[in-house]
Amino acid sequence: MPPADRPSGTAPARLELGLDTFGDVTAGPDGRPLPYDRVIRDIVEQAVLADRLGLSFFGVGEHHRDDFAVSAPEVVLAAIASRTTQIRLGTAVTVLSSDDPIRVYERFATLDAVSDGRAEVILGRGSFTESFPLFGLDLAQYEELFSEKLDLFAALRTEGPVTWQGRLRPPLVDQHVFPKTAAGSLRTWIGVGGSPESVVRAARYGIPLMLAIIGGPPAQFAQFTDLYRRALDQLGQPRLPIGVHSPGHVADTDEQARDELWPHFAKQRERIGRERGWPPPTRGEFEAAAGPEGAVYVGSPRTVADKIIRNVRILGLDRFDLKFSNGALPHETLMHSIELYGREVAPLVHAALQEHPHDHTAAKGTP
């Protein structure tokens, strides 16, 4: 947790750097999609490498569609826990709207036990809705489902007897949930895409904020980090961590990184775009997103590090998670990206933030 007196818009004493994957189905040497079982085993290897490199966090997303391999992230994370020793393990995100809060807490408390206290959960709505019809839920209740289930999950975090009542499920009266965690509560974040209401709700529950910045200038999100801190102050809550999750790819040079990422990035966006009515992406739009003002962290270690440093200072972040899986990028390419992120990007970022922790020069002209 950051110091309570740290001013808004400044870097923390020690930024946490993590990695996220959605378990995208990757391409094999022949360019064809690998089978799901191989993709899942490769994710475990990616996490083992991240742990060996000393990174802070490894997150695995939850999806229920054919272009992603992971629908049960807690099981994958438990496998990772058995082969790692230091890195914290969690989701990116857990789709709480279509799950049961009690079962979520039980599963992650169990993961916390097998990982010796390294589990955390990021709760969110998710950016896809396939889980709603799959589990027999009504999309018309999209907002109500998340609000009510988050309220119950917040009550469970006390790990005491819970008395709770909502509209969509039977009430609880002095109910305990097991197992209890060794620390007395599960480390939890609320994933937010950028609505003020969601930001204030995270502050009201006293839960750290994880912003998903996947488009537009990251500097625009300063209004949300500032709102979160103001809301915490007004609600009498302590200062809590703020993190950002953004897509990216690291290679030896800027040109190599962009050329490797673009075809897979474009194909994935085209597929999702057809489902949602988006126009096909252009290379020009991709280059803008990959530029200094964009939301995609792609380039050489120096380029990616500089972009992280700039936005950490603008937003006053405590953690940055790079979503390193983007479409069918091959496993070997992803492993090299993780290696560069851990061995070169992380030291550059930490050195810059420790040398000039309150340098605002990069933030001039931002909101």
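Just so we're clear, the structure is a prediction, and the values are computed from it rather than from any experiment.

The rules behind these values
Residues numbered from 1 in each chain as written. Predicted model: local features only at pLDDT ≥ 70, side-chain atom pairs only at ≥ 80, totals over all residues. Heavy atoms only, no water. Core = buried A, V, L, I, M, F, W, Y, C linked by side-chain atoms within 4.5 Å. Buried < 20%, exposed > 50% of the residue type's maximum accessible area, 1.4 Å probe, protein only. Contact = heavy atoms within 4.5 Å. pLDDT = per-residue confidence, 0-100. Salt bridge = Lys/Arg side-chain N within 4 Å of Asp/Glu carboxyl O. Helix = DSSP H or I, 4+ residues; strand = E, 2+ residues; numbered from the N terminus. Axes fitted to C-alpha atoms, helices over the stretch in contact; angles between N-to-C directions. Parallel < 35°, antiparallel > 145°, perpendicular 65-115°, else oblique. Left-handed = near helix turned anticlockwise from the far one by under 90°. Nonpolar A, V, L, I, M, F, W, Y, C, P; charged D, E, K, R; others polar.

### Observations regarding the nonpolar core
Judged by nonpolar contacts, the single largest core of 98 residues is most densely connected at Phe58, Ile308 and Tyr341. In contact with Ile308, other than residues within four places in its own chain, are Leu15, Leu17, Tyr297, Phe320, Tyr341, Val345 and Val349.

### A few points about the confidence of the model for the chain
Taken residue by residue, the chain gives an average pLDDT of 93. The fraction at 70 or more is 93%. This stretch, residues 1-11, has a pLDDT under 50; its non-local contacts, to residues over four places away or in other chains, come to 34 contacts. Below pLDDT 50 for its whole length, residues 360-367 participates in 11 contacts with residues either more than four positions away or in separate chains.

### Describing the pattern of salt bridges
Taken as a whole and judged by the stated rule, the model has 27 salt bridges. Arg125 is the partner of Glu143 in a salt bridge, and the nearest nitrogen-oxygen pair spans 2.9 Å. Remark: Arg125 occurs in the loop between strand 5 (120-124) and helix 4 (131-134) and Glu143 occurs in helix 5 (residues 142-156); sequence separation between them is 18 residues. In this structure Glu143 comes out as partly exposed when scored by relative accessible area, which is 45%. When the shortest N-O distance is used, the salt bridge between Arg283 and Asp259 registers 3.1 Å. Note that Arg283 is positioned in helix 9 (residues 283-290) and Asp259 in helix 8 (residues 254-276), a separation of 24 residues in sequence. Since its relative accessible area comes to 32%, Arg283 is described here as partly exposed. A relative accessible area of 41% places Asp259 in the partly exposed class. A cluster of three or more residues bridged by salt bridges with shared partners is formed by Glu16, Arg88, Glu120, Arg187, Arg319 and Asp321.

### Considering the packing of helix 8 against helix 9
Two numbers describe how helix 8 lies on helix 9: the axes approach to 11 Å, and their chain directions differ by 125°. Viewed along their axes, helix 8 and helix 9 adopt a mutual orientation that is oblique. Crossing of helix 8 over helix 9 shows right-handed handedness. Residues Arg258, Asp259, Leu261, Trp262 and Phe265 of helix 8 pack against Arg283, Phe286, Glu287 and Ala290 of helix 9. Of the residues that constitute the contact of helix 8 with helix 9, the class distribution is 5 nonpolar, no polar and 4 charged.

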